[in-house]
Every structure is written in structure tokens, then in C-alpha cells.
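# Breakdown of the fold
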Amino acid sequence: MAYDENNIFARILRGEIPCDKVFENEHVLAFRDINPQTPTHVLVIPKGAYVSSDDFAEKASDAEIAVFFRAVGQIARDLGLVAPGYRILANHGRDAHQEVPHFHLHVFGGKDLGRMIKPADK
Ligand code: 5GP
């Protein structure tokens, strides 16, 4: 799948659309989800043009990947989520209902998140 330069996160990265930024470095931007599913719901995105987790894992440089996951840890620490706990999640493709075609990790926290998959969902 080709990268869509006009997807909403590409536009946020270009500063065309505002975001509630919580973290930024040379490879990473993180901001609060516009429709939060938990009291804390942050999206962490690479600045590079990667469609999905698969694209990122295949094509990003070692430095981009390392900086990205170090940033996720830093963000969770900065938001005070380490002691109570948090969940990170990436949707890839149709079955996961990925909506925005720019790789992003969701960071959820701020309440008891329950178990990841309910037995009835299997
Ligand atoms: P996905 O389903 O692709 O994993 O998640 C996309 C997420 O992006 C959703 O949680 C949605 O609320 C969020 N989102 C969509 N448009 C915007 C936007 O313009 N700004 C922000 N901050 N979040 C957005």
C-alpha cells in the first residue's frame, strides 16, 4: 500500500492541523487522541512516512525503531503510567480496523483496562 501524503497524521506532522502534543524528538511525535478511549490515550507516531506497523518494521532504520520505542517508554514514564500500568497497541490493516494509514501506537492508561481479549471474543 502506497503512503498517502494527505492522511490526517501526515497533516499533523506538517503542522496543517493542530494536535495536543505531549512529546517530540527527531524521529517521533506523540499527541493526545482526539477521541480518547481511556482517561489517558496518547498516539505515538514516527515522523517518517510508514503506512503501518508492518511497513515500519520492514523499512524503518534501526535508529528510527530504537528511538521510537525509547520514546514510548519515556512518554509512559512522563505521563505517570508506569506504576499503575498501561497498554500499548497498534492496529494493522482491515481485521484490526486501522483507520489512519500512518503507523501509530496507542498508549492507554489512567484506569483499570481489564483483560486484553475477553474469552468470548476468541
Ligand atoms: P486506528 O484505528 O487507526 O488505530 O486509530 C486512529 C486513531 O486516530 C483513533 O483513535 C482516532 O480517534 C484518532 N484520530 C483520528 N483523527 C485524529 C485527529 O485529527 N487528531 C487526533 N489527535 N487523533 C485523531
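The present account deals with the structure reproduced in this document. (Residues numbered from 1 in each chain as written. Predicted model: local features only at pLDDT ≥ 70, side-chain atom pairs only at ≥ 80, totals over all residues. Heavy atoms only, no water.)

Close to the ligand lie 16 residues, the nearest being Asp33, Asn91, Glu99, His104 and His106. Contacts to the ligand include Asn91, whose side-chain N or O atom sits 2.8 Å from an oxygen atom. His106 has a polar side-chain atom sitting 2.8 Å from an oxygen atom of the ligand. A total of 520 Å² of accessible area belongs to the ligand in isolation, and the protein chains cover 86% of it. At a threshold of 2 Å from the grid points, most atoms of the ligand map onto the largest pocket. Listed by contribution, the elements that provide at least two residues to the shell around the ligand are helix H1 (8-13) and strand E2 (28-32). (Near = heavy atom within 4 Å. Polar contact = N/O pair within 3.5 Å; in protein donor to acceptor, adjacent residues only side chain to side chain. Areas by Shrake-Rupley, 256 points an atom, 1.4 Å probe, with all protein chains shown as cover. 1 Å grid on protein atoms, 1.4 Å probe; cavity = no way out; pocket = protein on both sides within 12 Å on 5 of 7 lines; lining within 4 Å. Sits in = over half its atoms within 2 Å of the grid points. Helix = DSSP H or I, 4+ residues; strand = E, 2+ residues; numbered from the N terminus.)

All right, on to the packing of aromatic side chains then. The final tally for this structure, using the stated rule, is six aromatic pairs. Between the aromatic rings of Tyr50 and Phe56, the centroid separation amounts to 5.4 Å while the plane-to-plane angle is 75 degrees, which identifies the pairing as edge-to-face. Its relative accessible area of 3% is what places Phe56 among the buried residues. Their ring planes at 40 degrees and their centres at 5.2 Å tell us that Phe68 and Phe103 sit as a pair that is tilted. Remark: Phe103 occurs in the loop between strand E4 (86-89) and strand E5 (105-109) and Phe68 occurs in helix H3 (residues 62-78); sequence separation between them is 35 residues. With respect to burial, Phe68 and Phe103 carry one shared label: buried. Grouped by ring-pair contacts, the aromatic residues Tyr50, Phe56, Phe68, Phe69 and Phe103 constitute a single cluster. (Phe/Tyr/Trp six-rings, centres within 6.5 Å; stacked < 30°, edge-to-face > 60°. Buried < 20%, exposed > 50% of the residue type's maximum accessible area, 1.4 Å probe, protein only.)

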